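Residues per chain, in single letters:
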Amino acid sequence: MDQLHQYLQQLISTSGDELHLVPNANPFVVSSSGNTDIDIEPLQGSHISMMVFPLIPHNVKQELPNQQSVQFVHPSNLGEFSFTVQKSAAGFNVKITPVAGSPKLPAQPAESAVLEPPTIEIPAASISYPAIDLQPLDEMTTPVKSSISLDEEYAGLSEFNVEVEGLQDASSFDNFAANGLPGVNDFQPAPEYTPPPDQAPVLPTDEVIRNSVRDRRNADRIGSNSEMQDRMEDLFHDMAEAGASDLHLSVGMAPMMRKDGRMQALPCAEDVLGEDLMKDLLHSIMPQRNKDEFAERRDSDFAYEIPGLARFRCNIFMDRKGMGAVFRVIPTRILTAGDLGLSPQILKLCELNKGLVLVTGPTGSGKSTTLSALLDHINRTRDDH
């Protein structure tokens, strides 16, 4: 809670529009000047849950298992904040927005502070309250009179003496119930607490996992041009449909692909790429840290994933014409030896228990794909290391 309070203070002090807590990423504030990290350590999904879950109202928690995302407003001494909590496979993705014009609560003392009791000065004399007359009962010989006295010896509020006069014996307490007043035997012990049965954990579906990947990818690229991002993803789809292993983008040329080891034009909707268009296309898929790295080194590598299609290994570079890029397809499914049509003679190499096997060839000829298929065949047919 203290850490979340510090994040909210930074959100207010920097006049930020939103605070984002994303699993496996640094917390950052979104403002008119861009995104700013407010911590150097990435947050784990469990850490975010520990900070945010206690703040969720009870009625909203009941909706959480059946909803992909929930919203609620949390008041604090900094004002009111609107929380949007979205579930993902890695944990909660949380967006926090200040509520404009919300009142601030009085500052609460820190939990670790020691609160001193107020000092009450009472004269060192006996305090007696007026007698209270009740209807006499059969067992009573005189009306009930109660008084509370404070001995001089305990004037510091350390102990009270309570005196009840007019009762013949202690059993007369039981008869209070006869006149509608509770007797000591009427007080029943509280029922023993029985915890609710454990609920089965809600496991994320494949669709939820795919959406969470997209959520993390989009959260890492907040502020990107969505139109340009869609155009880049269209190029990736065209590349995958053509069966290409690499996509090459260069200023002054149309998109090119490498297929079966040969460079050729990529069938797509894009024409010759200008310098400004190239910059917009590449920036739309680059995380902020890679933009910073490219500005410093003129080169940067990262991965980009389209759920249900493939992952892409990305290299962004600078040449004499401007920005350029090469993208390599990393399939999400390992092709088997049968898919590749590997001959029995090649598969016999997987039965060797000593020696060195070299797999060679030019870029894009399928070395990594072949090795993956061979290792998959070994794992399926052998039980040794």
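What counts and how
Along each chain, numbering runs from 1 in the same order as the chain's sequence is written. Confidence filtering applies because this is a predicted model: local features only for residues at pLDDT of at least 70, side-chain atom pairs given and counted only at 80 or more, and all residues used for totals across whole chains, interfaces and linings. The basis for the side-chain values is all heavy atoms of the structure; hydrogens and waters are excluded. Secondary structure counts use DSSP, requiring at least four H or I residues in a row for a helix and at least two E residues in a row for a strand, with both numbered from the N terminus. Three labels apply to residues, based on accessible area from a 1.4 Å probe with only protein chains included: buried if under 20% of the type maximum, exposed if over 50%, partly exposed otherwise in between. Contacts between residues were defined by any pair of non-hydrogen atoms, one from each residue, lying within 4.5 Å. Each accessible area is a Shrake-Rupley estimate made with a 1.4 Å probe; only the visible protein chains count as cover when residues are assessed. Contacts described as polar in this section are N or O atom pairs within 3.5 Å, which, within protein, must combine one atom able to donate a hydrogen with one able to accept it, while residues neighboring in sequence count only if both atoms come from side chains. pLDDT gives the predictor's per-residue confidence on a scale running from 0 to 100. Salt-bridge detection follows one rule: a side-chain nitrogen of Lys or Arg within 4 Å of a carboxyl oxygen of Asp or Glu. Buried Ala, Val, Leu, Ile, Met, Phe, Trp, Tyr and Cys residues that are joined via side-chain atoms within 4.5 Å together make up what is termed a nonpolar core. Each helix should span, by expectation, one fewer than its residue count multiplied by 1.5 Å. Any two strands with at least two DSSP-identified bridges between them are counted as paired. To get an axis, fit a line to the C-alpha atoms, keeping to the stretch in contact for a helix; angles then go from 0 to 180 degrees between the N-to-C directions.

Turning next to the overall build of the protein chain. Looking only at helices and strands, one finds 10 helices and 14 strands in the protein chain. Out of the 385 residues belonging to the protein chain, those deemed buried represent 29%. Long-range contacts, defined as pairs at least 24 residues apart, comprise 45% of the intrachain contacts of the protein chain with a sequence gap of at least 6. Summed over all atoms, the accessible surface of the protein chain reaches about 25,000 Å², with 52% contributed by carbon and sulfur.

Following the sequence through the fold, Asp246 ends up in strand 9 (residues 246–250). Overall, Asp246 belongs to the buried group, its relative accessible area being 3%. A polar contact is formed between the side chain of Asp246 and the side chain of Arg328, at a distance of 2.6 Å.

What follows covers the confidence of the model for the protein chain. Averaged over the protein chain, the pLDDT score is 78; the fraction of residues at 70 or greater is 68%. Mean pLDDT values over the elements of the protein chain span from 45, in strand 8 (residues 161–165), up to 95, in strand 9. Across residues 110–114, confidence stays below pLDDT 50; counting only partners more than four residues off in sequence or on other chains, it has 0 contacts.

All told, the structure shown has 5 salt bridges when counted by the stated rule. Between Glu270 and Arg231 there is a salt bridge, with its nearest N and O atoms 2.9 Å apart. Taken together, the residues span a long stretch of sequence, with Glu270 in the loop between strand 11 (262–265) and helix 6 (275–283) and Arg231 in helix 5 (residues 226–242) at a distance of 39 residues. Note on Glu270: relative accessible area 14%, which makes it buried. On the basis of relative accessibility, which here comes to 25%, the residue Arg231 falls in the partly exposed class.

Judged by nonpolar contacts, the single largest core of 30 residues is most densely connected at Met232, Phe236, Leu247, Leu249, Leu282, Ile316 and Phe327. Residue contributions to this core peak at 6 residues, all from helix 5.

Right, let's get into helix 10 (residues 367–381). For helix 10, spanning 15 residues, the distance from its first C-alpha to its last is 21 Å, which sits close to the expected 21 Å at 1.5 Å a residue. Of the surrounding secondary structure, the elements contacted by the buried residues of helix 10 are helix 8 (337–340) and helix 9 (344–347).

On a regular strand, each side chain points to the face opposite its neighbour's, so the side chains alternate between the two faces of the sheet. In this structure, strand 2 (residues 28–31) lies alongside strand 3 (residues 34–37), joined through 4 bridges in antiparallel fashion. Bridge pairing links Phe28 to Asp37 in strand 3.

Turning our attention to the sheet that holds strand 6 (residues 91–98). Taken together, the 6 strands give an open sheet; going across it, the order is 3-2-1-6-5-4, and neighbouring strands pair in antiparallel fashion. The open sheet has two edge strands with one neighbour each: strand 3 and strand 4 (69–76). Direction aside, neighbouring strands of the sheet carry axes that sit 25° apart on average. In this structure, strand 1 (residues 18–21) lies alongside strand 2, joined through 3 bridges in antiparallel fashion. Residue Leu19 lies in a different strand from strand 2, and its bridge partner there is Val29. Lying over the sheet, helix 1 (residues 2–13) contacts strand 1, strand 2, strand 5 (79–88) and strand 6, oriented at roughly 145° with respect to strand 1. On the sheet, helix 2 (residues 45–52) packs against strand 1, strand 4, strand 5 and strand 6 and is oriented at approximately 50° with respect to strand 6.

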